[in-house]
Structures are given as structure tokens and as C-alpha cells.
Amino acid sequence: MTNRLDHLTWNDIDQRREMSPLVIIPVGSCEQHGPALALCTDTERARAFAELLAERIEPLALVAPTVPVGVSEHHMGFPGTLTVNPVTFVQFVFEIVESLARHGWRRMFVLNGHGGNDAALGVLSTRIMRELPDICFAWSGISPLVTDVSADHSTSVLRGHSCELETSQAMYLAPEIVRSDRLQAGTSERSQLTSQAALSRSRRAIHYPLPYDRVTPTGALGDARSANAELGKLLIETAADRLVPFLVEFASSEPAPPAASISTRAGTTS
Ligand SMILES: [Zn+2]
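What counts, and at which threshold
Residues numbered from 1 in each chain as written. Predicted model: local features only at pLDDT ≥ 70, side-chain atom pairs only at ≥ 80, totals over all residues. Heavy atoms only, no water. Donors = N, O, S within 2.8 Å, 3.2 Å for Na, K, Ca; no water. Helix = DSSP H or I, 4+ residues; strand = E, 2+ residues; numbered from the N terminus. Buried < 20%, exposed > 50% of the residue type's maximum accessible area, 1.4 Å probe, protein only. Salt bridge = Lys/Arg side-chain N within 4 Å of Asp/Glu carboxyl O.

**With respect to the coordination of the zinc ion**
Here is step 1: In this structure, H33 (NE2), D42 (OD) and E166 (OE) serve as the protein donors to the zinc ion, at separations of 1.9 to 2.1 Å.
Here is step 2: Along the chain, the residues donating to the zinc ion fall in the pattern H-x8-D-x123-E. Separated by 124 residues along the polypeptide, D42 in helix α2 (residues 41-56) and E166 in helix α6 (residues 164-173) bring together distant segments of the chain. Of the two residues, D42 and E166, neither departs from the other in class, the shared state being buried.

What follows is the structure in C-alpha cells.
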């Protein structure tokens, strides 16, 4: 049985609505991923991981079509990267959620393969809380679920994009998008940064975002040469182990009742 919404007919979906109260919406990007990973890396990781999750909790979840372009302004210095304005991204995903709500779904989970979408997803959750209060909405990334495992198995000081960890995930989830003959070290030591790039990463709580081409000449942060499918399996299966119990519980969670006004709640008159 497939769990992909767009691979079913409307009659199938009509039957699945009862047993699949949750829809996972994968979102990715079309952006440079260094010399060895295809532009669809985030999209393919999100799609494949969403399908793996749906299979683990079958038949509780359907997987919506993957959003293939995200907020990638910071990668536009590299050919082929596509980006949309964060406002467009929020609007597009909002309308997917709204479409599903019109067909009766009340629990939606966005699985995000691209950290650049995070800020927009925060805005999206606020919009959904305000405009679709009878929807239960949650989201997560993939790598943020396993930062401890990543720290234990990484070889680079600087990492986080097309590095040994992301490349390993891709090798496990979508090996066809990895050019294994082109694996090379990206910017992986602080000493390789320009003074501006070093300043932008000098203090954890201060945000000084720079376009990626000012941080790394190859587009990669980390060292993909130590990537392997076994590490990818460990990262992905651990992330799934941590997300599955949440999704099972989330699939039966009820939307919060509408917020009461202070006077109603207190039972007082003005
Ligand atoms: Zn990525």
C-alpha cells in the first residue's frame, strides 16, 4: 500500500481519511549542495524520510507531495539555486494545509529538509494558529532531531551543509543523488574563514547571516569524504525513533478550544 497522497485515487483517499488522520507535508529546497550532492538533496531527504515515517506508523499518515523549492536566498551565489520569498513560501504551504483541512484533515505535520525554511515555518505556525484554530499543526527538521548523534560522529569543526552528516543521510535515503566520485572537503576549519565569515559565526546568540559564497568557495561546510551510508542509517533511523512516538500521539490530538476572552474566562462583566 502506498502512503503517498498523490499516488492514490480520490476513492482511495476517501477511504483512507478515517484511518489516516495525519498528513505529513515534506518541504525541501532546490539549492546548491557543494560539488557532490544534487540540488534536490533537501527535497529528496524530506520526501524519503516522510515516506519512511508513514510506513513506520502505517496507516496513520498520508504523505503530501513534497514542496520542492524553499527559502534559499543565501545560496543564490551558486548556479541553479532557486528561491522564493519567505512570504510566498508561507502562503504556498498555508494553502496546502488549508486544502487538506477542506477535505476534513485536522492534523498536519511539516517535515522540513532545509534549515533555511525554519523562520518561514515559524511564521506559518502563527498564521495557522490564528486563521485555522481547529487545526493541530506541528513541524520539525531532520538533523535537529539528532544533534547529539551528529556531534558524536562528525569529523569537522565547521559543518552543517553538504557535510559528512548530510551526505551520509543522502547516501542512505537517496543514493542516486550523490556523486561519490566528487566527494571532497569543504570549508571545515575556522582558520579557513575570512574575517567577516568568522565574525558571522563567532557568537552563538548573535545572528549575522551571510550569503554562502562569502563563507565557503565550494558551497559545502564540512568534510563529505568521511560520509557513509551506515552513518546515514544511524542518523535517520534514530531521528525516526524519536519522531514516531510523537507522531502517533499527535495523530489523535485534538485541536485546542478557541481562546476565551478574559471577561468570559473570569465570568465577570466589564
Ligand atoms: Zn541541505
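**Focus on the pattern of salt bridges**
As a working rule, side chains carrying opposite charge can pair if their charged atoms are close by.
Here is step 1: As enumerated under the stated definition, the model contains 14 salt bridges in all.
Here is step 2: The residue R4 makes a salt bridge to E51 at a minimum N-O spacing of 3.7 Å. One end of the pair, R4, is in the segment before α1 (10-19); the other, E51, is in helix α2, with 47 residues separating them in the sequence.
Here is step 3: Between R242 and D148 there is a salt bridge; the shortest N-O distance is 2.9 Å. Residue R242 is found in helix α8 (residues 229-250), and its partner D148 is found in helix α5 (residues 147-153); the two are separated by 94 residues along the sequence.

**With respect to the environment of E131**
Here is step 1: Here E131 shows up in helix α4 (residues 118-131).
Here is step 2: Along the sequence, E131 and E98 sit 33 residues apart, while their C-alpha atoms lie 9.8 Å from each other.

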